[in-house]
2 protein chains.
Amino acid sequence: MKSEQIKKLKNAGLKLTSSRLLTLGAFSSLCKPQNADDIYKKLKKLTGKDKIDLVTIYRTLTSFEQTGIVKKVNLQKDSVYYELANSHHHHIVCTVCESVEEFNLCGIEKTTKDVLKKSIKFNSIAQHSLEFFGVCKKCTKNEKRSVKKFSPSSLNPQCQRN
Amino acid sequence: MKSEQIKKLKNAGLKLTSSRLLTLGAFSSLCKPQNADDIYKKLKKLTGKDKIDLVTIYRTLTSFEQTGIVKKVNLQKDSVYYELANSHHHHIVCTVCESVEEFNLCGIEKTTKDVLKKSIKFNSIAQHSLEFFGVCKKCTKNEKRSVKKFSPSSLNPQCQRN
DNA sequence: TTTTTAATTGCAAGTTGTTTGCATTTATAA
DNA sequence: TTATAAATGCAAACAACTTGCAATTAAAAA
Ligand SMILES: [Mn+2]
Ligand SMILES: [Mn+2]
Ligand SMILES: [Zn+2]
Ligand SMILES: [Zn+2]
């Protein structure tokens, strides 16, 4: 599987540098969306000193995305999160503790078809983004006196007729 | 419909200021997701001089969101887009010209149930975000020599087994 | 209506996440 | 090995957004 990704890098004419291999490792070792800074901190810890500059990580992530190794995930946070692009799946995000659960079922093929049928401007869809938000069991328990760290749009109580 | 929103403002104990009314107008006059700067420019044009500061628009949007008048839309862009919160719907976004089409069908109730059934960490879902991406008809035609302005993750050609 | 009060605004300055320019380093092709 | 183009680190720039504070203003009280 890792060789799969290395193949992609080579195919794209990208050099097999240590930064890239380390970043790849950061993704493979943890199946969870990560942002540039997550990876930066992880590699700093792993490799001892500041082996890789944060700027390099940004550039690496961009090239990984263009190569199709990773893709962006919509977590409604204020930085960009990426994960390996090797399986199509979606997420539920806890709006209190920000923990993320993946689920493999997608089930919007029919919706996609219906959308296309009704659409005036489009006749094909290349991609979709589907994420769920809620409060996880753990946080529901603790919610008595916990403060919300982050809250996506329509989560607020006044939100009507959805 | 506008009075509905004004009611919300009053309910939330917010003053009925001209900035807020103008911003409300900016949303009502155009059924398309907008970011702070869109509204800023629109109001500048509309009201002549710099009637409202951009900072005020940011603050207004935040309070509108908390009040449930608007909600955020996930357009995979680098700024936050909002639209009126008065109907549950989703979007298809053209990844070339960024034009947006809305569609009212949702159809992921079943998926939501399935997800909850399988979920280990969650037992309820408060919200979901579902957007489609593709190249619109117009841009498909012109695509011979057009340059992509913006491209979300998995849209790139190398993206595999999705 | 006038006064009072607390919310709202504009301006300047700050923060955060991300990008760019450029000289130096490094993987790979020759 | 050497040559070469790509990749990196560092400093600086940027864009989107937030904050502090004094001045303004909507709405409550008088
Ligand atoms: Mn995932
Ligand atoms: Mn919409
Ligand atoms: Zn949680
Ligand atoms: Zn288009």
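Located above this text is the structure these notes cover.
Residues numbered from 1 in each chain as written. Chains lettered and ligands numbered in written order. Predicted model: local features only at pLDDT ≥ 70, side-chain atom pairs only at ≥ 80, totals over all residues. Heavy atoms only, no water.

S.K.: Explain the packing of helix H3 (residues 36-46) of chain B against helix H4 (residues 54-67) of chain B to me, please; I cannot follow it from the model alone.
M.R.: Packed helix pairs are specified by the crossing angle of their axes together with the interaxial distance, meaning the distance between the axes. All names here are of chain B. For the pair H3 and H4, interaxial distance at closest approach is 9 Å and the crossing angle is 125 degrees. Relative to H4, the element H3 lies oblique. Our pair here, H3 against H4, has a crossing hand that is right-handed. Contact with H3, carried on its side by Ala36, Asp37, Ile39, Tyr40 and Leu43, involves Leu54, Ile57, Tyr58 and Leu61 of H4 and no other residues of that element. For the contact of H3 with H4, the class distribution of residues is 8 nonpolar, no polar and 1 charged. (Axes fitted to C-alpha atoms, helices over the stretch in contact; angles between N-to-C directions. Helix = DSSP H or I, 4+ residues; strand = E, 2+ residues; numbered from the N terminus. Parallel < 35°, antiparallel > 145°, perpendicular 65-115°, else oblique. Left-handed = near helix turned anticlockwise from the far one by under 90°. Contact = heavy atoms within 4.5 Å. Nonpolar A, V, L, I, M, F, W, Y, C, P; charged D, E, K, R; others polar.)

S.K.: Quick question: what am I supposed to make of the protein's contact with DNA strand C here?
M.R.: Around DNA strand C, a shell composed of 19 residues is seen, among which Tyr58 and Val80 of chain A together with Thr17, Arg20 and Thr56 of chain B lie nearest. What you see for DNA strand C is that sugar and phosphate hold 63% of its atoms within 4 Å of the protein. At 3.1 Å from a phosphate oxygen of DNA strand C is found a main-chain nitrogen or oxygen belonging to Lys15 of chain B. Among the secondary structure elements, those contributing two or more residues to the surface near DNA strand C are helix H4 (54-67) of chain A together with helix H2 (18-28) and H4 of chain B. (Near = heavy atom within 4 Å. Polar contact = N/O pair within 3.5 Å; in protein donor to acceptor, adjacent residues only side chain to side chain.)

S.K.: Sorry, what's going on with the packing of aromatic side chains here?
M.R.: When we look at a pair of aromatic rings, we describe it by the centre distance and by the angle of the planes. Residue and element names in this part refer to chain A. Scanning all chains against the criterion turns up 2 aromatic pairs over all chains. Note on Phe103 and Phe132: the rings are 5.5 Å apart at their centroids and 55 degrees apart in plane angle, and the pair reads as tilted. Residue Phe103 is found in strand E4 (residues 100-103), and its partner Phe132 is found in strand E5 (residues 127-134); the two are separated by 29 residues along the sequence. Look at Phe103 and you get buried, because its relative accessible area is 7%. The exposure class of Phe132 is buried, given its relative accessible area of 0%. (Phe/Tyr/Trp six-rings, centres within 6.5 Å; stacked < 30°, edge-to-face > 60°. Buried < 20%, exposed > 50% of the residue type's maximum accessible area, 1.4 Å probe, protein only.)

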